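So you can see what is in the structure, the chains are spelled out below.
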Amino acid sequence: MTDPCPDLETLSTLADGALLASADATVRVHVARCPACAARLAELKALSEALQGLPCESLGFDLGARIEARLPARPQPVPRRRWRVGWPSLVPLAGAAAALVLGLRLGASLVSADPAQTAPSPAVQAMSVFDVVPPGNLCPRPHACLLASVSR
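Residues numbered from 1 in each chain as written. Predicted model: local features only at pLDDT ≥ 70, side-chain atom pairs only at ≥ 80, totals over all residues. Heavy atoms only, no water.

Peer 1: Help me understand the overall build of the protein, please; the structure alone is not making it clear to me.
Peer 2: When you go through the protein residue by residue, the secondary structure sums to 6 helices and 0 strands. Buried positions account for 11% of the 152 residues belonging to the protein. Of all intrachain contacts in the protein linking residues separated by at least 6 positions in sequence, the fraction that spans at least 24 positions is 43%. Carbon and sulfur atoms make up 63% of the accessible area of the protein, which amounts to about 13,500 Å² in all. (Helix = DSSP H or I, 4+ residues; strand = E, 2+ residues; numbered from the N terminus. Buried < 20%, exposed > 50% of the residue type's maximum accessible area, 1.4 Å probe, protein only. Contact = heavy atoms within 4.5 Å. Areas by Shrake-Rupley, 256 points an atom, 1.4 Å probe, with all protein chains shown as cover.)

Peer 1: Would you mind going over the pattern of salt bridges with me for this structure?
Peer 2: Close approach of charged atoms lets side chains of opposite charge pair. With the rule as written, the count across this model stands at 1 salt bridge. In this structure, D24 and R28 form a salt bridge, with 2.9 Å as the shortest nitrogen-oxygen distance. A residue pair is termed a helical-turn pair when its members lie 3 or 4 positions apart in one helix, as D24 and R28 do in helix α2 (residues 21–33) at 4 residues. You can call D24 buried: its relative accessible area is 19%. (Salt bridge = Lys/Arg side-chain N within 4 Å of Asp/Glu carboxyl O.)

Peer 1: Is there a simple way to explain helix α1 (residues 8–16) in this structure?
Peer 2: The α-helix advances 3.6 residues per turn, and as a result positions three or four apart in sequence lie on the same side. For α1, the complete set of buried residues consists of L11, L14 and A15. Along the long axis of α1, the arc covered by the buried residues comes to 100 degrees, so they all point the same way. Opposite the packed face of α1, turned more than 90 degrees from it, sit the exposed residues E9 and D16. Those residues of α1 hidden inside the fold are in contact with α2 and α3 (35–52). (Arc of directions from axis to C-beta.)

Peer 1: Can you walk me through the environment of T26 in this structure?
Peer 2: Along the chain, the position of T26 falls in helix α2. Using a relative accessible area of 52% as the deciding quantity, one classes T26 as exposed. For T26 and P6, which are 20 residues apart along the polypeptide, the C-alpha to C-alpha distance reads 9.9 Å.

Peer 1: Honestly, a nonpolar patch on the surface in this entry has me stumped. Any pointers?
Peer 2: Taken together, the side chains of L59, F61, L63, I67 and L71 present a nonpolar region at the surface, about 480 Å² in accessible area. Position of I67 relative to the elements: it lies in helix α4 (residues 63–70). (Patch = residues over 30% accessible without salt bridge, like charges linked within 9 Å, V, L, I, M, F, W, Y side chains within 5 Å.)

Peer 1: Just to check I follow, could you spell out the nonpolar core for this structure?
Peer 2: The biggest cluster of nonpolar side chains holds 10 residues, and these are L11, L14, A15, L19, V27, V31, C34, C37, L41 and L44. Of all the secondary structure elements, the ones that give two or more residues to this core are α1, α2 and α3. If we skip the residues at most four places from it in the chain, L14 touches L19, D24, V27, R28, V31 and L41. (Core = buried A, V, L, I, M, F, W, Y, C linked by side-chain atoms within 4.5 Å.)

Peer 1: Where do I start with the packing of α1 against α2 in this structure?
Peer 2: For any two helices packed against each other, the geometry is given by the interaxial angle and the distance between the axes. Closest axis-to-axis distance for the α1/α2 pair is 11 Å, and the angle between their directions is 105 degrees. If you check the angle between α1 and α2, you find them roughly perpendicular. Touching T10, L11 and L14 of α1 are D24, V27, R28 and V31, all from α2. Partitioning the contact of α1 with α2 into residue classes produces 4 nonpolar, 1 polar and 2 charged. (Axes fitted to C-alpha atoms, helices over the stretch in contact; angles between N-to-C directions. Parallel < 35°, antiparallel > 145°, perpendicular 65-115°, else oblique. Nonpolar A, V, L, I, M, F, W, Y, C, P; charged D, E, K, R; others polar.)

Peer 1: Looking at this structure, I do not really get α3. What am I missing?
Peer 2: Look at α3: 26 Å from first C-alpha to last across 18 residues, which is about the 26 Å you get at 1.5 Å a residue. Every buried residue of α3 is accounted for by C37, L41 and L44. Buried residues of α3 fall within an arc of 60 degrees about the axis and therefore sit on the same side. Summarising the geometry of α3, the exposed residues directed more than 90 degrees from the buried face are P35, A36, E43 and E49. Looking at the packing, one finds that the buried side of α3 touches α1 and α2. (Expected span 1.5 Å × (residues − 1).)

Function cannot be read off these values alone, since they describe shape.
Written as C-alpha cells, this is what we have:
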C-alpha cells in the first residue's frame, strides 16, 4: 500500500455520507484494502448510530426569550437634528472657502509666468523645501532633479 491513510475527519465524513463523490471512491478503495481504516470507519459508524438512537430532548421553554428578558434594554437612538442655517454653521464653510482661496492664490504665485520677475520671491524660495528633492539633498537620478542636460 503506497497511499497514506485518510485522516479521522475524512473517515467521519465518509461515515456520515457527506464526502464528495470525487474523493468518496478513492477513500472507499483505501478502506477496503486497509484493515486499520476499516476498523476506524466501523467505530465511527457505530458511534453515529448510537448518537442517532438517543432520545430527542426539549427544554420545555423558550431559552431565547428568557435570555432577551434578562438583557438590559437598548438605549433609544437620539433623533437627528435637522440642519439649520445660521452663523455657527457657516464658520466651517467660511474656513474652507478661505483655505481654498489662499491655496489658489499661493499656487498661482508659484506658477506665474511673469517675465519681469527674474528672481523668485521669498515665498517661492521658502516653498522649495517641498520640491521633489529639497535643497541640500542629493539627486537619486538625473530625472528626479529635472536635470535634463545630465545623462549617463
